[in-house]
Amino acid sequence: MEGLMQKIISLAKRRGLVFPSSEIYGGFSSSYDFGPLGVLMKNNIKKCWWDEMTKKHENIVGLDAAILMSPKVWQASGHLTAGFADELVECKKCHHRFRKDFLEKNQCPDCGGELTGPRKFNLMMKTFVGPLEDEAATSYLRAETCQGIYLNFENVLNSMRLKIPFAIAQIGKAFRNEITPKDFIYRTREFEQMELQWFCHPKEAKKYFQFWKNERIQWYLGLGIKKENLRATEVPKEERAHYAKDQIDIEYRFPFGWKEIEGIHNRGDFDLSNHSKHSGKDLQYYDEETKEKYFPYIIETSVGVERSLFAFLIDAYQEVQGGRTKTTESTKETEVLLKLNKRITPIKVVVLPLVKNKPELVKKAKEIYRLLKPCFVCQYDEVGSIGRRYRRTDEIGVPLAITVDFETLEKDDVTLRDRDTMAQERVKIKDLKDKISEFLGVC
Ligand code: GAP
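One structure accompanies this document, and this report is about it. (Residues numbered from 1 in each chain as written. Predicted model: local features only at pLDDT ≥ 70, side-chain atom pairs only at ≥ 80, totals over all residues. Heavy atoms only, no water.)

## Thoughts on the site of the ligand
Rule in force here: Being near a molecule or strand, for a residue, means having at least one of its heavy atoms within 4 Å of it. N or O atoms closer than or at 3.5 Å make up a polar contact, with two conditions inside protein: a donor-capable atom paired with an acceptor-capable one, and, for residues adjacent in sequence, both atoms drawn from side chains. Helix and strand assignments come from DSSP, with helices taken as H or I runs of at least 4 residues and strands as E runs of at least 2, each series counted from the N terminus. Nonpolar residues are Ala, Val, Leu, Ile, Met, Phe, Trp, Tyr, Cys and Pro. Charged residues are Asp, Glu, Lys and Arg, and all others, Gly as well, are polar.
For the ligand, the set of nearby residues contains 22 residues, the closest of which are E144, T188, E195, E260 and E300. T188 places a main-chain nitrogen or oxygen 2.8 Å from a nitrogen atom of the ligand. E260 places a side-chain nitrogen or oxygen 2.5 Å from an oxygen atom of the ligand. Of all the elements in the fold, those that place two or more residues in the shell around the ligand are β10 (190-200), β13 (257-268) and β16 (297-304). Ranked by residue count, the leading element in the shell around the ligand is β13, at 6 residues. Grouping the constituent residues of the shell around the ligand by class yields 6 nonpolar, 6 polar and 10 charged.

This is the structure in structure tokens:
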């Protein structure tokens, strides 16, 4: 399984998905940059999530709150206290530090040295706002995006004339000073979250908790994650986040074990009541019809963009021994097929002239590429044999390949190849846009 991780990491770097950050300076612990294909894939995942939330449902609106907030927010949210701290141990010999619950033995995994006793280590990333670096100027990079949603609960409610139940969706960066970031992009100190906060009557919280659990599982399955690699685990009381009355982790079967990719939380009235107490602003909801005044309960769904991208990559990765083509002699090579869902995959179409030494073919292929490029994320490739180019596109999960051949020049049609079935059909150039739109489900 270690082998699969290495193959994914290597593919991610080789094909422009994920690069180690600050590489020319020897790297920077746990930071990654998303390359040309990585940024496309991230944007696709975010769009799928955003559309799912704001288009499928009628009572969900968006927000983009600031990363830097008043430090009082983090007092009220409980993030500056023991609730948001991990247990840290240090090796007395090499002074390397570890998260206690990640260690299998009570011994330094690097040098075998004796470890200190555990102490609490807060995960908030501190910074200073303004020219003075003193206590009064201390602020924090947000550790979860949802706090900005709670602070704007009333602003959104009033400006959008909403009624409970409704939700606010937000995508943005979050930061945690993780003691042991690890497993490639699974656990990092800077990451992006896609969070939904569903405000409802306390009596309906249990019902919506189940509703959102099911919705979120369907989202992953709908985007191609295999059922056997996904599960929902109820988190026992003693292991829940400090704000959670109920918690379900949606877990993916990574090569390094079953691990959380998304948390579903019933946060009760923890957030709105604490922000009311600390700010002095009453954040209760008044129901005009029932004349009832109460703190809404919050059901939260929270997923990391990078973690889900990692799961999508692993799930889509396939190796085909001896090559996929059965019509010609096997290449004896192992071919990689990235069977990413067409909504998530970075590049949608590739245009290939059959050969590159025939100027009329190249000219036609470039014309088609320029015709399609404004509508679809499209690549042009003329280097190497056509078989090798198909394999290059399969490796990054391009669902459609267009081949421009000599018949194209006579009949104004091309070959359209489907990545998954390898079926090929002739399509008139004038019909290409409609055909591709229909295939991709673009409305
Ligand atoms: N607002 C709730 C919240 O933040 P969480 O379970 O701490 O809940 C939610 O985080 C999701 O954010 C996780 O399931 C994961 O996908 C992502 N996440 C959390 N910490 C992360 C880290 N250090 N690196 C990458 N993703 C992380």
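So, next bit.
## Regarding the sheet that holds strand β22 (residues 413-418)
Definition in use: Paired strands, as defined in this entry, are two strands with at least two bridges between them according to DSSP. An axis is simply a line fitted to the C-alpha atoms; with a helix, the fit covers only the stretch in contact. Between two such axes, the angle follows the N-to-C directions and lies from 0 to 180 degrees. We call two residues in contact whenever any of their non-hydrogen atoms come within 4.5 Å of each other.
Strand order in this open sheet of 5 strands is β20-β19-β21-β22-β23, and the pairing throughout is mixed. Because the sheet does not close on itself, it has two edges, and the strands there are β20 (378-380) and β23 (424-428). Between one strand axis and the next, the sheet turns through 25° on average, direction left out of account. Taken strand by strand, helix α9 (residues 359-372) contacts β19 (349-353), β20, β21 (400-404) and β22, and its axis lies near 165° from that of β19. Packing against the sheet, helix α10 (residues 386-395) makes contact with β19, β21, β22 and β23, and its axis sits at approximately 170° to β19.

## Some thoughts on the packing of aromatic side chains
Note the cut-off: Any pair of Phe, Tyr and Trp rings, taking the six-membered ring for Trp, is counted once the centres come within 6.5 Å. Such a pair is stacked with planes under 30 degrees apart, edge-to-face with planes over 60 apart, and tilted for the rest. Each residue's exposure class comes from its accessible area (1.4 Å probe, protein chains only) as a fraction of the maximum for that residue type: buried when under 20%, exposed when over 50%, partly exposed otherwise. Note on criteria: charge over ring means Lys NZ or Arg CZ within 6 Å of the ring centre, with the direction from the centre no more than 35 degrees off the ring normal.
Applying the stated criterion across every chain, the model contains 21 aromatic pairs. Summarising the aromatic geometry, the rings of F254 and F256 are spaced 5.0 Å apart at their centres and angled 15° between planes, so their arrangement reads as stacked. Using a relative accessible area of 24% as the deciding quantity, one classes F256 as partly exposed. Chaining the aromatic ring pairs together yields one cluster made of Y32, F184, Y186, Y252, F254, F256 and F310. R267 extends its terminal NZ or CZ atom over the ring of Y243, reaching a point 3.5 Å from the ring centre.

## Some points on the state of the cysteines
Threshold: Put simply, a disulfide is two cysteine sulfurs that come within 2.5 Å.
One pass over the structure, following the stated rule, counts 0 disulfides. Its sulfur unpaired, C94 is 3.7 Å from the next cysteine sulfur, which belongs to C91. Residue classification places C94 among the partly exposed positions, given a relative accessible area of 27%.

## A closer look at the sheet that holds strand β4 (residues 85-90)
Within a sheet, each strand pairs with its neighbour through backbone hydrogen bonds, oriented either parallel or antiparallel. With antiparallel pairing, 3 strands are arranged side by side in an open sheet as β5-β4-β6. Strand pairing shows two members of the sheet lacking a second neighbour, β5 (97-99) and β6 (119-122), which therefore form its edges. The mean inter-strand angle of the sheet, taken between neighbouring strand axes irrespective of direction, is 50°. Examined bridge by bridge, β4 and β6 share 4 bridges and lie antiparallel to one another. Directly across from L88, in β6, lies its bridge partner R119.

## Considerations on the pattern of salt bridges
The following threshold applies: The salt bridge definition used is simple: a Lys or Arg side-chain nitrogen within 4 Å of an Asp or Glu carboxyl oxygen.
Within the structure shown, the criterion is met by 40 salt bridges. For K92, the salt bridge goes to E114, with nearest N and O atoms at 3.1 Å. You can see K92 sitting in the loop between β4 and β5 and its partner E114 sitting in the loop between β5 and β6, a full 22 residues away along the chain. With its nearest N and O atoms 3.8 Å apart, the salt bridge here joins E178 to R187. On the accessibility criterion, R187 (15% relative accessible area) is buried.

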